[in-house]
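A look at the structure
Spelled out from the first residue to the last, the chains are:
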Amino acid sequence: MSDEVLHRHGQALEEAFFVEKNRELLAKLRDQAARDDLRASLREAAGSVDDATLDYLVTHGIRPETLAALKLVPLVTVCWANGVVESEERELVLQSAEKQGLQPGVPGYELLQSWLETRPDPALFAAWKNYVHALASQADPATISSLKQEILGTSREVADAAGKLFGYFLGTSAEEKAVLREIEHAFERTA
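Remember, it's a predicted structure, so these values are computed and weren't measured experimentally. (Residues numbered from 1 in each chain as written. Predicted model: local features only at pLDDT ≥ 70, side-chain atom pairs only at ≥ 80, totals over all residues. Heavy atoms only, no water.)

**Thoughts on the overall build of the chain**
The condition is simple: Strands here are runs of E lasting at least two residues and helices are runs of H or I lasting at least four, both read from the DSSP assignment and numbered beginning at the N terminus. Note on contacts: a residue pair qualifies if any of its non-hydrogen atoms lie within 4.5 Å across the two residues. Areas reported as accessible are Shrake-Rupley estimates using a 1.4 Å probe. Residue values count occlusion only from the protein chains shown.
A count of helices and strands for the chain gives 8 helices and 2 strands. When the helices and strands of the chain are placed in sequence order, the string is α-α-α-α-α-α-α-β-β-α. Residue pairs at least 24 apart in sequence account for 69% of intrachain contacts in the chain once pairs closer than 6 positions are excluded. For the chain, the accessible area works out to roughly 11,500 Å², and carbon and sulfur atoms hold 54% of it.

Rendered as structure tokens:
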């Protein structure tokens, strides 16, 4: 084999190698661009949110259209406080979802239903608390107070729903009270 033929085959090998490498790099760039677009969309839909919470949302497949379900995370957490979602609790959460515009068949509603069937990872509640804490640190106090009262009020209703038996209120469990305290603390502002 002449040097020229060997050189041409060497160049072909190099080009084939770089074509494959370029394909891999292009796929990585496209994946990163898609993640960046999703992050930007989520940031726009969520408003003020820290990067760790945003990363959690992206990693866990939360999309802008399912972000509305995040307002319901505290309700779901209260439902699971005792280890089981009671039918009364489930009904209240689904009613609350519909009041917020989540209807059966849309991604956010489907996600919420999955959370009511299978206990979500505790990291979801942690991400919610981080989000609310960041929001409380930056938003005006009146907005935060209103949001806090809305979420705590509905969360208490869910906790109370499980404490009723034959029309009598038997009380809120210690586990539910602990979750309610965590929800309330998430709204505290930092100095």
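That was the structure; now back to the text.
**Section: the packing of helix 4 (residues 87–99) against helix 5 (residues 107–117)**
Formally: The convention used is that axes are lines fitted to C-alpha atoms, helices contributing only their stretch in contact, and that angles between N-to-C directions extend from 0 to 180 degrees. By the definition adopted for this analysis, an angle is roughly parallel if under 35 degrees, roughly antiparallel if over 145, roughly perpendicular if from 65 to 115, and oblique otherwise. Crossing handedness follows the turn of the near helix against the far one: under a right angle anticlockwise gives a left-handed crossing, and clockwise gives a right-handed one. Charged means Asp, Glu, Lys or Arg here, nonpolar means Ala, Val, Leu, Ile, Met, Phe, Trp, Tyr, Cys or Pro, and polar covers whatever is left, Gly included.
For the pair helix 4 and helix 5, interaxial distance at closest approach is 11 Å and the crossing angle is 165 degrees. Considered as vectors, helix 4 and helix 5 are oriented roughly antiparallel to each other. Our pair here, helix 4 against helix 5, has a crossing hand that is right-handed. For the pair formed by helix 4 and helix 5, the contact residues are Arg90, Val93, Leu94, Ala97 and Glu98 on the first element and Tyr109, Leu112, Gln113, Leu116 and Glu117 on the second. Along the lines of polarity and charge, the residues of the contact of helix 4 with helix 5 split into 6 nonpolar, 1 polar and 3 charged.

**As for helix 8 (residues 174–186)**
This is how it is decided: Multiplying one less than the number of residues by 1.5 Å gives the expected span of a helix. Only protein chains enter the accessibility calculation, which uses a 1.4 Å probe; a residue whose area is less than 20% of its type maximum is buried, one above 50% is exposed, and one in between is partly exposed. Each direction from the helix axis to a C-beta atom contributes to the arc, which is the arc of those directions.
Taking 1.5 Å as the rise per residue, helix 8 with 13 residues should run 18 Å; its terminal C-alpha atoms sit 19 Å apart, in good agreement. Burial in helix 8 covers these residues: Glu176, Val179, Leu180, Ile183 and Ala186. Along the long axis of helix 8, the arc covered by the buried residues comes to 120 degrees, so they all point the same way. At its buried positions, helix 8 is contacted by helix 3 (73–80), helix 4, helix 6 (122–138) and helix 7 (141–162).

**Notes on the nonpolar core**
This is how the line gets drawn: What makes a nonpolar core is a set of buried Ala, Val, Leu, Ile, Met, Phe, Trp, Tyr and Cys residues whose side-chain atoms join them at distances within 4.5 Å.
If you look at the biggest cluster of nonpolar residues, it comprises 43 residues, and the most contacted ones within it are Val93, Leu112, Leu116, Trp128, Ile183 and Phe187. Elements represented by at least two residues in this core include exactly helix 1 (3–46), helix 2 (51–59), helix 3, helix 4, helix 5, helix 6, helix 7 and helix 8. The element contributing the most residues to this core is helix 6, with 7 residues.

**Details of the packing of aromatic side chains**
To keep things clear, this is the line we draw: Classification of ring pairs uses Phe, Tyr and Trp, with its six-membered ring standing for Trp, and accepts pairs whose centres are within 6.5 Å; under 30 degrees between planes counts as stacked, over 60 as edge-to-face, and the remaining range as tilted.
According to the stated counting rule, one finds 2 aromatic pairs in the structure shown. Consider the rings of Phe125 and Trp128, whose centres lie 5.8 Å apart with planes at 10 degrees: the pair is stacked. Here Phe125 pairs with Trp128, and both are found in helix 6, just 3 residues apart, close to one helical turn. Like Trp128, Phe125 is buried. Considering the side-chain rings of Trp128 and Phe187, the 6.0 Å spacing of their centres and the 75 degrees angle between planes classify their relative orientation as edge-to-face. With a gap of 59 residues between them, Trp128 in helix 6 and Phe187 in the segment after helix 8 connect regions that are remote in the sequence. Residue class for Trp128 comes out buried when judged on its relative accessible area of 3%.

**Remarks on the confidence of the model for the chain**
As a reminder, the rule being used: Each residue carries a pLDDT score, the predictor's confidence in it, ranging from 0 to 100.
Averaged over the chain, the pLDDT score is 80; the fraction of residues at 70 or greater is 80%. By mean pLDDT, the top-scoring element of the chain is helix 3 (94), and the lowest-scoring one is strand 1 (residues 164–165) (58).

**Structural notes on the pattern of salt bridges**
What counts here: What makes a salt bridge here is a side-chain nitrogen of Lys or Arg within 4 Å of a carboxyl oxygen of Asp or Glu, nothing more.
Evaluated as defined, the whole model comprises 3 salt bridges. Across the pair Glu117 and Arg90 runs a salt bridge, and its minimum N-O distance is 3.8 Å. Pair noted here: Glu117 is in helix 5 and Arg90 is in helix 4, with a separation of 27 residues, a long-range link. The exposure class of Glu117 is exposed, given its relative accessible area of 56%.

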